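Structure at a glance
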Amino acid sequence: MALDGKLADLADPIEKDARIEFISREDPRALELIRHDAAHVMAEAVQSLWPGTQVTIGPVIENGFFYDFYRNQPFTSEDLPVIEKKMREIIARDKPFTKEVWPRDEAKRVFKEKGETFKVELVDAIPPGEQLKIYHQGDWFDLCRGPHMTSTGKIGNAFRLQKVAGAYWRGDSNNPMLTRIYGTAFAKQDELDAYLHQLEEAEKRDHRKLGREMDLFHFQEEGPGTVFWHANGWTIFQEIVAYMRRRLKGDYREVNAPQLLDKSLWETSGHWGWFRENMFMAQSAGEETEDPRIFAIKPMNCPGHIQIFKHGLRSYRELPLRMAEFGVVHRYEPSGALHGLMRVRAFTQDDAHVFCTEEQMAEECLKINDLILTTYADFGFEGDLTVKLSTRPEKRVGSDAAWDHAEGIMHNVLKQIAQSNNRIKTAINPGEGAFYGPKFEYVLRDAIGRDWQCGTTQVDFNLPERFEAFYIAADGSKKPPVMIHRAICGSMERFLGILLENYAGHLPLWLAPVQAVVTTIVSEADDYAREVVAQARRAGLRVEDDLRNEKINYKVREHSLAKVPVLLVVGKKEAAERLVSIRRLGKEGQQVMPLDAALKALAEESVPPDLRRMRQVA
RNA sequence: GCUGCCGUAGCUCAGUGGUAGAGCACUCCCUUGGUAAGGGAGAGGUCGAAAGUUCAAUCCUUUCCGGCAGCACCA
């Protein structure tokens, strides 16, 4: 049941006036209970199968539940069916869930006797004054804040254990590793089936799989976390960069700073102190050179940009000075963090640093905000967007006063951003800022509801001072500029991966590496097909031919699997009348059109959204 | 980095303590076929690396490298 909208046990006493609702299994709110109950039953199953296993915590999560166990020998996926079978037995017994409130000492004593040391720790962690609730299901019991349904039988059979994985006790890598078992449960079997089906669909759009199928990129052992871009993938990459360059035109000046810089420069910036663990360094490899200098491979572009800013005297008249670079940075990411294009050790940032005065700062942040929003829309992200303000972390440089000031301005800007557009949600991330300043993080939502952090705007009062960068103010004094670090896509590699998954490989024409393939039904049409290719290229389209001696079915299948958006099929008829048969990816059937008209339409369709917009204005 | 699992042909995967197999892809031949796999032949692997156990290791053990899932991390 629910009291004043809050879930409670059916057996709970009602101590004051409250709005009472009885929640059936079918109620969406019951899902949480079903999953939580299932977690408890799983814990009982595990302990009855392997006595001596300690239970720790087992919460409900977004799509299911997990329970963390401590056992000398971790579980394997082969144990899952065994546990599931036991769970079905426990559910069939249909024992009631009953609650008791225990005194703290009693609880500690019982758990200590059972050898449940983790539970003892949990008891200690419960704030004094809060009740210690113990839930029983038959002979088995567990410390739990509840609530639960009335009996184990209510869980039903629509559940599935999914995977086992390691997880640290209390999420701290210094603590012992536990074994976590993930599962999910639903009220009805068809809901479970639908969820499992959705997981399969998500797997199909995994960018690593699409990268192979579309011949975009690969990885190999010698370069862990670094991308080999194939021609197709690099075409998309360059198309995205070209888009960003067009968007920067006028406002920004693009630069390029060195890949290797002396270690001393990174000591000045603070990177060598804080983030050396994540940096690569380089030295002359020749044994004869006797050059001992140590260089760091840049993990960020900002120190380089500051050097460019510092080169020569800057006037307040030059501000805001917006310096952009599509810089390649290297970061030594932990091996377990690497994941396709999403987390790599070398990547390209669409980076920029805005050097400005304090007064200009808020306006610059809003201007960047605008650039980010329009860019995401152009790349087809039309769902919700969250802007998070991350505040001072523990590892940081600069005075508290400077942080107070910067965070104050950022809070204000955040308010304005929230009011500017109703698609935007805002949030605060305490302690998540960069070591040199607070930041905004832009989180976009893709076509299947996953969130990705891409863009970021970071205000920095510290680095310019560390490097003694200044400008001459109107009154003739030297002043350090405020520096705003910003990226729109963030990592281009990652952004491309997100795009691929968002579109499930079905890229819009302007981004597709091969926009069309011209293919023949009979070899008599080869000459005409070659002419179609030549004309299409003249119209600015990325087109390939496929004159292989294969059946049209075979060729259609192959190019469809490679996600080519448009197939231009020509046979005897088309060759005779200067026509093309157009087949679109993912659609059945085709449209026969005169060649000229078809190319004109495709050329029009392949215009990038920003250029299209400009044309409409003109 | 941690825990678990995995590493066999370009891809997907089978298999064995006595030195390897399938499908697709590739090459050649036949086929000219109207919108998601036409037929045949051929070529292709020091079974991730090193050490150990053994008469014998792709298979068992150890270490290392890489991948996958989760955790931790993500300036």
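Residues numbered from 1 in each chain as written. Chains lettered and ligands numbered in written order. Predicted model: local features only at pLDDT ≥ 70, side-chain atom pairs only at ≥ 80, totals over all residues. Heavy atoms only, no water.

Okay, the overall build of chain A next. Across its full length, chain A holds 19 helices and 31 strands. With respect to the principal axes defined by its C-alpha atoms, chain A has extents near 80 × 75 × 65 Å. With 618 residues in all, chain A has 49% of them scored as buried. The long-range fraction of contacts in chain A, counting pairs at least 24 apart against all pairs at least 6 apart in sequence, stands at 68%. Of the roughly 30600 Å² of accessible surface on chain A, 49% is carried by carbon and sulfur atoms. The average position of the 83 basic charges and that of the 93 acidic charges among the side chains of chain A differ by 2 Å. (Helix = DSSP H or I, 4+ residues; strand = E, 2+ residues; numbered from the N terminus. Buried < 20%, exposed > 50% of the residue type's maximum accessible area, 1.4 Å probe, protein only. Contact = heavy atoms within 4.5 Å. Areas by Shrake-Rupley, 256 points an atom, 1.4 Å probe, with all protein chains shown as cover. Lys, Arg positive; Asp, Glu negative; His and termini not counted. Charge placed at Lys NZ, Arg CZ, Asp CG, Glu CD.)

Looking at RNA strand B, there are 55 residues lining it, with Ile-521, Asn-549, Glu-574, Ser-581 and Arg-583 nearest. The share of sugar and phosphate among atoms of RNA strand B within 4 Å of the protein is 49%. Contact distances for RNA strand B include 2.9 Å between a phosphate oxygen and a side-chain N or O atom of Arg-208. Ser-523 is positioned with one of its side-chain polar atoms (N or O) 2.7 Å from a base nitrogen of RNA strand B. Those elements that place two or more of their residues in the surface near RNA strand B are strand 10 (159–168), strand 11 (177–185), helix 6 (207–213), helix 16 (552–561), helix 17 (572–577) and strand 30 (579–584). (Near = heavy atom within 4 Å. Polar contact = N/O pair within 3.5 Å; in protein donor to acceptor, adjacent residues only side chain to side chain.)

Turning our attention to the sheet that holds strand 26 (residues 482–491). Strand order in the open sheet formed by eight strands is 14-18-19-26-23-22-20-21, with mixed pairing between adjacent strands. Strand pairing shows two members of the sheet lacking a second neighbour, strand 14 (253–254) and strand 21 (424–429), which therefore form its edges. Where strand 18 (residues 321–330) lies against strand 19 (residues 346–356), 10 bridges are found, and the strand directions are antiparallel. Across the sheet, the residue bridging to Met-323 is His-353, located in strand 19. Helix 12 (residues 400–420) rests against strand 20 (385–390), strand 21, strand 22 (439–445) and strand 23 (451–460) of the sheet, and its axis sits at about 160° to strand 21. (Pairing = 2+ DSSP bridges. Axes fitted to C-alpha atoms, helices over the stretch in contact; angles between N-to-C directions.)

Here the focus is the packing of helix 1 (residues 30–49) against helix 2 (residues 79–93). Helix 2 packs onto helix 1 with a crossing angle of 115° between their chain directions and a minimal axis gap of 9 Å. Compared by their axis directions, helix 1 and helix 2 come out roughly perpendicular. The way helix 1 lies across helix 2 gives a crossing that is right-handed. Contact with helix 1, carried on its side by Ala-38, Val-41, Met-42, Glu-44, Ala-45, Val-46, Ser-48 and Leu-49, involves Val-82, Ile-83, Lys-86, Met-87, Ile-90, Ile-91 and Arg-93 of helix 2 and no other residues of that element. (Parallel < 35°, antiparallel > 145°, perpendicular 65-115°, else oblique. Left-handed = near helix turned anticlockwise from the far one by under 90°.)

A separate point is the pairing of strand 22. Burial within strand 22 is extensive, with six of its seven residues counted as buried. Of the pairings in the sheet, the one linking strand 20 to strand 22 comprises six bridges and is antiparallel in character. Within strand 22, the position partnered with Val-387 by the bridge is Tyr-442. Relative to strand 23, strand 22 is paired through six bridges, and the arrangement is antiparallel. Paired with Arg-445 across the two strands is Asp-451, which belongs to strand 23. Joining the antiparallel neighbours strand 22 and strand 23 is a turn of five residues, in which Gly-449 adopts a positive phi near 85°.

A separate point is the pattern of salt bridges. Tallied over the full model, the rule gives 46 salt bridges. With a closest N to O distance of 3.6 Å, Glu-44 and Arg-93 form a salt bridge. Here Glu-44, found in helix 1, pairs with Arg-93, found in helix 2; they are 49 residues apart in sequence, far enough to count as distant. With relative accessibility at 10%, the residue Glu-44 sits in the buried group. Put simply, Arg-530 and Asp-527 hold a salt bridge, and the shortest N to O gap is 3.4 Å. Taken together, the residues Arg-530 and Asp-527, both in helix 15 (residues 526–538) and three residues apart, mark about one turn of the helix. Judged by its relative accessible area of 43%, Arg-530 is partly exposed. When its relative accessible area of 58% is taken as the criterion, Asp-527 is described as exposed. (Salt bridge = Lys/Arg side-chain N within 4 Å of Asp/Glu carboxyl O.)

The side chains of a regular strand alternate, first on one face of the sheet and then on the other. Most of strand 8 (residues 132–137) is tucked away, with five of its six residues classed as buried. Note that strand 7 (residues 97–102) and strand 8 share six bridges and pair antiparallel. When the bridges of strand 8 are listed, Trp-102 appears paired with Leu-132. Summarising the sheet, strand 8 and strand 9 (residues 140–143) pair through four bridges and their orientation is antiparallel. Bridge assignment links Ile-134 to a residue of strand 9, and that residue is Leu-143. The antiparallel hairpin formed by strand 8 and strand 9 contains two residues in its connecting segment, where Gly-138 sits at a positive phi of about 65°.

This next bit is on a nonpolar patch on the surface. Taken together, the side chains of Leu-10, Ile-14, Ile-20 and Phe-22 make up a nonpolar region of the molecular surface, amounting to roughly 410 Å² of accessible area. By secondary structure assignment, the location of Leu-10 is in the loop between strand 2 (6–7) and strand 3 (20–21). With a relative accessible area of 46%, Leu-10 lands in the partly exposed category. (Patch = residues over 30% accessible without salt bridge, like charges linked within 9 Å, V, L, I, M, F, W, Y side chains within 5 Å.)

Core analysis: the largest hydrophobic core is formed by 64 residues, its most contacted members being Ile-240, Tyr-376, Phe-379, Phe-440, Leu-444 and Phe-495. Judged by nonpolar contacts, the second largest core, of 28 residues, contains Ala-38, Val-55, Leu-80 and Ile-181. (Core = buried A, V, L, I, M, F, W, Y, C linked by side-chain atoms within 4.5 Å.)

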